[in-house]
Amino acid sequence: MHEIATLGVETELHRFFAAARLRASDYGDHYVALWDALDQASRGGKRVRPALVLAAYDGFGGTDRTLSTPVAVSFELLHTAFLIHDDVIDRDLSRRGMANIAGRFTERAIAHGAATGQAEAWAATAAILAGDLALSEAHRALALLPVPAGLRGRLLDLLDRAVFVSAAGELADVTNTVSRDPLTIDQVVATLEHKTAIYSFEAPLQAGAVLAGAPEEAIDALGRFGRLIGVAFQLTDDLLGVFGDPASTGKSVLADLREGKQTALIAHAGATDRWPLIAPFLGKSDLTEAEAQLVRGHLRDCGAPDTADALAREYAGRAVQALQGPQMPDDLRATLTQLALSAVTRQK
């Protein structure tokens, strides 16, 4: 989706990191290394959010890449910031099979003679600061956009809402892990909508449409599509987080179970007779692969994977329905319909 257009995003990100690295050289080697790590952290993803910005902008007749590219970059840097901070929250030292910022600075600290506690402090500090820097630039890219003040303010409001609601979702995702009882499906879906759907799908689509001057009815429809498809995407992601192939997904199939993450799988299982067999292992920090296999077996037996998959497909179907109004351009509807299909059939 919009692979050629996102080349401009890659170019802009390269320029940004090159300039930042040059500025950082005035403040020492460690700071340059931090920007190197941040640059690396921004690579390797699917660039879904910039592609959504550009798809909506182009779909409603936008033609000025000097305007749409900074907006696309803003939402990609927002995503980068959230991933970095999410790794800090989860205490992960790798992402996509490679050392993340915390992992790289752990190695750097040890190479400079740091003890274990000092290395952990280096890791957390570097990752928090890197996420902050990416988040700052996400706002700056919109604040400097050469458009009328009212339009700029509306774009900033979309970004602000994405940050505000995502923070609420992230906090709920963490605090939910200590719940003695499984959440309901509705509670799980609400957390997914807040944590991921709004910043990853709703806001980028609406930003592109707003920038292009789309009708309000269409902007609202894109918002509904974004929230619904974001939930479908995350339901599939959580399914892959337990039953996926790490070689394809690049993520552990133990992490969610060890964390005690409240997903649709767990919500379904919690209402079945298999729950007493699953509960002792959920949130077990040293859960073994053998124990995880037992949990997967119990989840399959009670129908949890099928329920989560069916729910994801239901949300994807509802998302497509949100695009059916006459204000939605045909090409954009076709692109987003394909996205909805891929959201629930992907293997990574």
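Look up a bit, the structure's there.
Description of the structure in this document. For every chain, the first residue of the written sequence is number 1, and numbering continues from 1 onward in sequence order. Thresholds applied to this predicted model are a pLDDT of at least 70 for local features of residues and 80 or more for the giving and counting of side-chain atom pairs; totals over whole chains, interfaces and linings are not thresholded and use all residues. With hydrogens and water set aside, each side-chain value is computed from the structure's full complement of heavy atoms.

## A short note on the overall build of the protein
Our working rule: Only DSSP runs of H or I reaching four residues or more are called helices, and only runs of E reaching two or more are called strands; each is numbered from the N terminus. As defined in this context, the radius of gyration uses C-alpha atoms, and a globule is described by 2.2 Å times the residue total to the power 0.38. Only protein chains enter the area calculation, which uses a 1.4 Å probe; residues under 20% of their type maximum are buried, those over 50% are exposed, and those in between are partly exposed. Residue burial considers only the protein chains on display, and all accessible areas are found by Shrake-Rupley using a 1.4 Å probe.
Tallying secondary structure elements over the protein gives 16 helices and two strands in all. Over its C-alpha atoms the protein spans a radius of gyration of 21 Å, differing by no more than 12% from the 20 Å that the globule rule assigns to 348 residues. Counting all 348 residues of the protein, 50% fall into the buried class. Accessible surface computed for the protein: about 15,900 Å², of which carbon and sulfur atoms make up 55%.

## What about the nonpolar core?
A general trend in soluble globular proteins is that nonpolar side chains are found buried together. The cut-off we apply is this: Residues belong to a common nonpolar core when they are buried Ala, Val, Leu, Ile, Met, Phe, Trp, Tyr or Cys residues joined through side-chain atoms within 4.5 Å.
Counting 106 residues, the largest nonpolar core has Val71, Leu78, Ile101, Leu222, Phe225, Ile229 and Leu336 as its most contacted members. At 13 residues, the largest contribution of residues to this core is made by helix H9 (residues 216-243).

## Things to note about the packing of aromatic side chains
Operational definition: Two rings from Phe, Tyr or Trp (for Trp, the six-membered ring) form a pair when their centres are within 6.5 Å of each other. A pair whose planes differ by under 30 degrees is stacked, one over 60 is edge-to-face, and the rest are tilted. Sitting over a ring, as applied to charges here, requires NZ of Lys or CZ of Arg to be within 6 Å of the ring centre and within 35 degrees of the ring normal.
Counted by the stated rule, this structure contains seven aromatic pairs. Aromatic rings pair up to connect Phe16, Phe17, Tyr27, Tyr31 and Trp35 into one cluster. For the cation-ring pair, Arg318 lies above Tyr315, with the distance from its terminal atom to the ring centre recorded as 4.8 Å.

## Re the environment of Thr6
Defined as follows: Contacts are residue-level and defined by heavy atoms, with any inter-residue pair within 4.5 Å sufficient.
By the secondary structure assignment, Thr6 is in helix H1 (residues 6-24). When its relative accessible area of 9% is taken as the criterion, Thr6 is described as buried. In this structure the C-alpha to C-alpha distance between Thr6 and Val32, which are 26 residues apart in sequence, comes to 26 Å. Setting aside anything within four residues of it in sequence, one finds Thr6 in contact with Pro50, Ala51 and Leu54.

## Some thoughts on the side chain of Arg333
Mapped onto the elements of the fold, Arg333 is located in helix H16 (residues 330-345). For Arg333, a relative accessible area of 15% gives the class buried. Dropping the residues within four chain positions of it, Arg333 is found in contact with Leu323, Gln324, Gly325 and Met328.

Shape descriptors only; they carry no functional weight alone.
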